[in-house]
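One letter stands for each residue in the lines below.
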Amino acid sequence: MSVHLTEEEQLEILKRWWKDYGKTVITGIAAAIAIYFAWTAWQDKQRNKAESASSHYEELIKVLNVEPGKALSDADKANAEHIANDLKANNGNSLYALSAAFYLAKAAVDAGNLDKAVTELQWILAAKPDVATAQLAHVRLARVYVAKAAYTEAQAQLAEEPSKAFASEFAEVRGDILKAQGNNAAAATAYQKALETSDPQQQERAMVLQMKADELKTADATPAAPATQEKAQ
């Protein structure tokens, strides 16, 4: 007996196999093709979305890029706010959306709308950003709360230990809070820590911190006015 199958036998086996498994194979191939095209479509959508966000962000930067000494016109401010809100609305928790929220917070502070600034910075924190972005939002939110004289809320933003990159800013804001509360000695210590942990290349910032510390020293060194003595009876 030959151990080799004839062509007719091979064909018969193939027919039987196809009858049993053909539909399954076709279904599997169709599913794989569908997944591939769905994945490709999703990638294309994400790529287009990223390109659109990048384009919008560049547009925002162009609007904000004014010549030194000049301020944004009211029309440019309105346009920048529209673009920033659009970036937030259509780009989830992306870096573009977070950057837009930071801009809106700053614009709100400049306009004296501290409540809106709080809302924007809280939106950033609610988005669960990376550590650096979160710490930047915390320190800026703390500054806004100081401006609102909400010192308890400001201190709460500084509860976590900052990274080395934000140690100086956290210490400075702590000093601002303590100074506003009348605790000059503790504020001076905080400002000194801010000086010690500041970037040596940021000379202007170091000068500001030194001025804050010196101001407290001057205030503490000023002698109190003598009490008025009562006239002898």
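Each value, and the rule that gives it
Residues numbered from 1 in each chain as written. Predicted model: local features only at pLDDT ≥ 70, side-chain atom pairs only at ≥ 80, totals over all residues. Heavy atoms only, no water. Helix = DSSP H or I, 4+ residues; strand = E, 2+ residues; numbered from the N terminus. Buried < 20%, exposed > 50% of the residue type's maximum accessible area, 1.4 Å probe, protein only. Contact = heavy atoms within 4.5 Å. Polar contact = N/O pair within 3.5 Å; in protein donor to acceptor, adjacent residues only side chain to side chain. Phe/Tyr/Trp six-rings, centres within 6.5 Å; stacked < 30°, edge-to-face > 60°. Lys NZ or Arg CZ within 6 Å of the ring centre and 35° of its normal. Axes fitted to C-alpha atoms, helices over the stretch in contact; angles between N-to-C directions. Parallel < 35°, antiparallel > 145°, perpendicular 65-115°, else oblique. Left-handed = near helix turned anticlockwise from the far one by under 90°. Nonpolar A, V, L, I, M, F, W, Y, C, P; charged D, E, K, R; others polar. Expected span 1.5 Å × (residues − 1). Arc of directions from axis to C-beta. Core = buried A, V, L, I, M, F, W, Y, C linked by side-chain atoms within 4.5 Å. pLDDT = per-residue confidence, 0-100.

A. Highlighting the overall build of the protein chain. When helices and strands are tallied, the protein chain shows nine helices and zero strands. The order of α-helices and β-strands along the protein chain, N terminus first, is α-α-α-α-α-α-α-α-α. Here the protein chain holds 233 residues, and the buried ones make up 28% of them. Once local pairs closer than 6 in sequence are excluded, the contacts in the protein chain between residues at least 24 apart make up 46%.

B. How the structure looks around the side chain of N91. Positionally, N91 belongs in the loop between α2 (74-90) and α3 (95-110). Within the local environment of N91, its side chain forms a polar contact with the backbone oxygen of L87, the two atoms lying 3.0 Å apart.

C. Seen up close, the packing of aromatic side chains. One pass over the structure, following the stated rule, counts zero aromatic pairs. When the ring centre of W123 is taken as origin, the NZ or CZ atom of K88, which lies over that ring, is 4.5 Å away.

D. How the structure looks around the environment of L104. Looking at the element boundaries, L104 is found in helix α3. Distance from L104 to E120, taken between C-alpha atoms, is 6.7 Å for residues 16 residues apart in sequence. Ignoring anything within four residues of it in the chain, the contact list for L104 reads E81, A84, N85, K88 and E120.

E. Representation of the packing of α3 against helix α5 (residues 131-147) within the structure. Their axes nearest at 12 Å, the elements α3 and α5 cross at an angle of 10°. In terms of orientation, α3 and α5 fall into the roughly parallel class. Crossing geometry of α3 relative to α5 is assigned as left-handed. Contacts from L98, F102 and V109 of α3 reach α5 at T133, L136, A137, R140 and V144. Among the residues forming the contact of α3 with α5, the class breakdown is six nonpolar, one polar and one charged.

F. Here's a closer look at α2. A rise of 1.5 Å per residue sets the reference length of α2, with its 17 residues, at 24 Å; its end C-alpha atoms lie 24 Å apart and thus fit the reference within 8%. Listed in full, the buried residues belonging to α2 are A80, I83, A84, L87 and K88. One face of α2 carries all of its buried residues, which in axial projection span an arc of 140°. Facing away from the buried side of α2 by more than 90 degrees, the exposed set consists of D74, A75, H82 and A89. Of the residues one or two after α2, G92 is the one with positive phi, at around 55°.

G. Representation of the nonpolar core. If you look at the biggest cluster of nonpolar residues, it comprises 28 residues, and the most contacted ones within it are L121, I124 and V173. Among the elements of the structure, α3, α4 (114-126), α5 and α7 (167-180) are those that each provide at least two residues to this core. Looking at this core, the element that brings in the most residues is α5, giving nine residues. Here I124 is in contact with L98, A101, F102, P129, T133 and A137, once residues within four sequence places are set aside. Judged by nonpolar contacts, the second largest core, of 10 residues, contains L60, A80, I83 and L87.

H. Main features of unusual backbone geometry. If you check the backbone angles, K128 has positive phi at about 55° while not being a glycine. In this fold, K128 is placed in the loop between α4 and α5. For K128, a relative accessible area of 72% translates into the label exposed. Positive phi, close to 60°, is recorded for A149, a residue that is not glycine. Within the element layout of this structure, A149 appears in the loop between α5 and α6 (151-156). A relative accessible area of 46% means that A149 is categorised as partly exposed.

I. View of the confidence of the model for the protein chain. Per-residue confidence for the protein chain averages 82 on the pLDDT scale, and 77% of its residues sit at or above 70. Of the regions scoring below 50 in pLDDT, residues 227-233 engages in zero contacts with residues more than four places distant in sequence or in other chains.

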